[in-house]
Amino acid sequence: MKESNKWNANEYNKHADFVSNLAMPVIDLLDPKENEIILDLGCGEGTLAIEIEKLNTKVIAVDLSVSMIKKTKAKGIEAYVMSATQLTFENEFDAVFSNAVLHWVNDSKTAINKIHTALKGNGRFIAEFGGYGNIKYLTDAMQEVFNNHPEYGQFNNPWYFPKKTEYKKLLENNGFNVKYIELIPRPTKIDDIRNWLDIFANGIVSHLKQEQQSQFKEEVREILKPKIYSEKDGWIADYVRLRLKAYKIG
Ligand code: BEZ
């Protein structure tokens, strides 16, 4: 989540609305019940918070991005600027819900502990995010461009895409009973990869000059084109989701 404070809500809305459009299976897994109080962790512009509140629940939403929180509040959702590792809630929620966020959180153990503290006893944690193997074509292409340009320095991959066994153990070691956890390959149609890189990969090249940043994106695009683009289907990113449902013990 550390890069999300740099995101622009308008750009995100234009080119990344697939993120919330594809989230219905996670809402099904959440299975919200009337009058439940639910935390939406990493709410973005509040699209899913609205859907969950329509089911007669009360949603509190948090995100690191000030512009996203403004948009979420404008939709009538109670929302706060807050990171996953600095949640301040204690025994407040029937469920914590998180879509497409936790791969941005490097300190997963702290985030899981904060989620645990935020939940009521027996509360549930439902999440989906990038799992092991996620966007491998993309990260390999980024690594290749860094290798070809020693002047760029080292490629620092900002994402954490855990294996199912690794994340299950992390949850179990921190007070959760894991009911369901699966890695789900989900090839995902995106518009031009240039827009994806503009939204999600700026932090990787923020130390470079503007021309180098543009060169980086063009070269990544050239490497990826024969691999993930076709006339018929357009750009298809090799997403792999880690989807889970776990209960707070006690
Ligand atoms: C994802 O949802 O898998 C993802 C989105 C942006 C950057 C990296 C991964």
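Peer 1: So, the sheet that holds strand E6 (residues 176–185): which residues are in play, and what are the values?
Peer 2: A sheet is described by the order of its strands in space; here seven strands give the open sequence E3-E2-E1-E4-E5-E10-E6, paired in mixed fashion. Two strands close off the open sheet at either side, each with one partner strand: strand E3 (78–81) and E6. Here the average twist between neighbouring strands, direction ignored, is 15°. As judged from the four bridges shared by strand E2 (residues 58–63) and E3, these two strands associate in the parallel manner. Following the sheet pairing, Asp63 is matched in E3 by Val81. Set on the sheet, helix H5 (residues 66–74) makes contact with E2 and E3; between it and E3 the angle comes to about 170°. Together, strand E5 (119–130), E6 and strand E10 (240–248) form the strand contacts of helix H8 (residues 164–172), whose direction differs from that of E6 by roughly 160°.

Peer 1: How would you explain the pairing of strand E1 (residues 37–41) if you had to name every residue and give the values?
Peer 2: The two faces of a sheet get side chains in turn, since along a regular strand they alternate between them. Counting buried residues along E1, four of its five residues qualify, which places the element largely inside the surrounding structure. The parallel pair E1 and E2, bridged by helix H4 (residues 47–53), forms a crossover whose chirality is right-handed. Relative to strand E4 (residues 93–99), E1 runs parallel, the two sharing three bridges. Note on E4: the bridge partner recorded for Asp40 is Phe97.

Peer 1: Hey, could you go over the confidence of the model for the protein for me, with residue numbers and the actual values?
Peer 2: Caution applies to low-pLDDT parts of the model: their predicted coordinates are not meant to be read in detail. Summarising the model, the protein shows a mean pLDDT of 94, and 94% of its residues fall at 70 or more. Across residues 1–5 the pLDDT falls below 50, and counting only partners more than four positions away or on other chains, this stretch makes 19 contacts in the model.

Peer 1: Give a description of the site of the ligand that names residues and reports values.
Peer 2: Close contacts around the ligand come from His103, Trp104, Asn134, Ile135, Trp159, Phe161, Trp196, Phe200, Tyr239 and Arg241, and that covers them all. Residue Asn134 places a side-chain N or O atom 2.7 Å away from an oxygen atom belonging to the ligand. In this structure, Arg241 approaches the ligand through a side-chain N or O atom, which is 2.4 Å from an oxygen atom. When the ligand sits alone it has 260 Å² of accessible area, and the protein chains cover 98% of it.

Peer 1: Residues and numbers for the sheet that holds strand E9 (residues 234–237), please.
Peer 2: Neighbouring strands of a sheet are bound in pairs by backbone hydrogen bonds; such pairs are parallel or else antiparallel. The strand order E7-E9-E8 describes an open sheet built from three strands, whose pairing is antiparallel. If you trace the sheet from one side to the other, it starts and ends with strand E7 (188–190) and strand E8 (229–230), each paired once. Bridge analysis of E7 against E9 gives three bridges, and the strand direction is antiparallel. From the neighbouring strand, Thr188 faces E9, where its bridge partner is Ala237.

Peer 1: Could you give an account of helix H9 (residues 193–200), with specific residues and numbers?
Peer 2: Burial analysis of H9 places six of its eight residues in the buried class, the great majority of the element. Every buried residue of H9 is accounted for by Ile193, Asn195, Trp196, Leu197, Ile199 and Phe200. The distance from a side-chain oxygen at the start of H9 to the backbone nitrogen of Arg194 is 2.8 Å, and the residue carrying that oxygen is Asp192.

Peer 1: Could you give me a rundown of the pattern of salt bridges, with the residues and numbers involved?
Peer 2: When charged atoms on two side chains of opposite charge get close, those side chains can pair. In the structure shown here, the tally under the stated rule is 14 salt bridges. For the salt bridge of Asp94 with Lys120, the shortest nitrogen-to-oxygen distance reads 3.1 Å. In this pair, Asp94 is assigned in strand E4 and Lys120 in strand E5, connecting sequence segments 26 residues apart.

Peer 1: I'd love a proper account of the side chain of Glu128, names of residues and values included.
Peer 2: Summarising the element assignment, Glu128 is placed in strand E5. For Glu128, a relative accessible area of 1% translates into the label buried. One polar contact links Glu128 to Arg243, side chain to side chain, over a distance of 2.5 Å. In this structure, Glu128 is in contact with Val26, Ser98, Asn99, Ala100, Val101, Arg186, Arg241, Leu242 and Arg243, ignoring residues within four places of it in sequence.

Peer 1: I'd like a rundown of the packing of aromatic side chains, residues and numbers included.
Peer 2: If you walk through the whole model with that rule in mind, you get 13 aromatic pairs. When the centroid spacing of 5.6 Å and the interplanar angle of 75° are considered together, the rings of Phe146 and Phe216 count as edge-to-face. Of this pair, Phe146 sits in helix H7 (residues 136–148) while Phe216 sits in helix H10 (residues 210–228); the two residues are 70 residues apart in sequence, bridging distant segments of the chain. Assigned by exposure class, Phe146 and Phe216 land together as buried.

Parameters and conventions
Residues numbered from 1 in each chain as written. Predicted model: local features only at pLDDT ≥ 70, side-chain atom pairs only at ≥ 80, totals over all residues. Heavy atoms only, no water. Pairing = 2+ DSSP bridges. Helix = DSSP H or I, 4+ residues; strand = E, 2+ residues; numbered from the N terminus. Axes fitted to C-alpha atoms, helices over the stretch in contact; angles between N-to-C directions. Contact = heavy atoms within 4.5 Å. Buried < 20%, exposed > 50% of the residue type's maximum accessible area, 1.4 Å probe, protein only. Right-handed = clockwise from strand over helix to strand, strands pointing away. pLDDT = per-residue confidence, 0-100. Near = heavy atom within 4 Å. Polar contact = N/O pair within 3.5 Å; in protein donor to acceptor, adjacent residues only side chain to side chain. Areas by Shrake-Rupley, 256 points an atom, 1.4 Å probe, with all protein chains shown as cover. Salt bridge = Lys/Arg side-chain N within 4 Å of Asp/Glu carboxyl O. Phe/Tyr/Trp six-rings, centres within 6.5 Å; stacked < 30°, edge-to-face > 60°.

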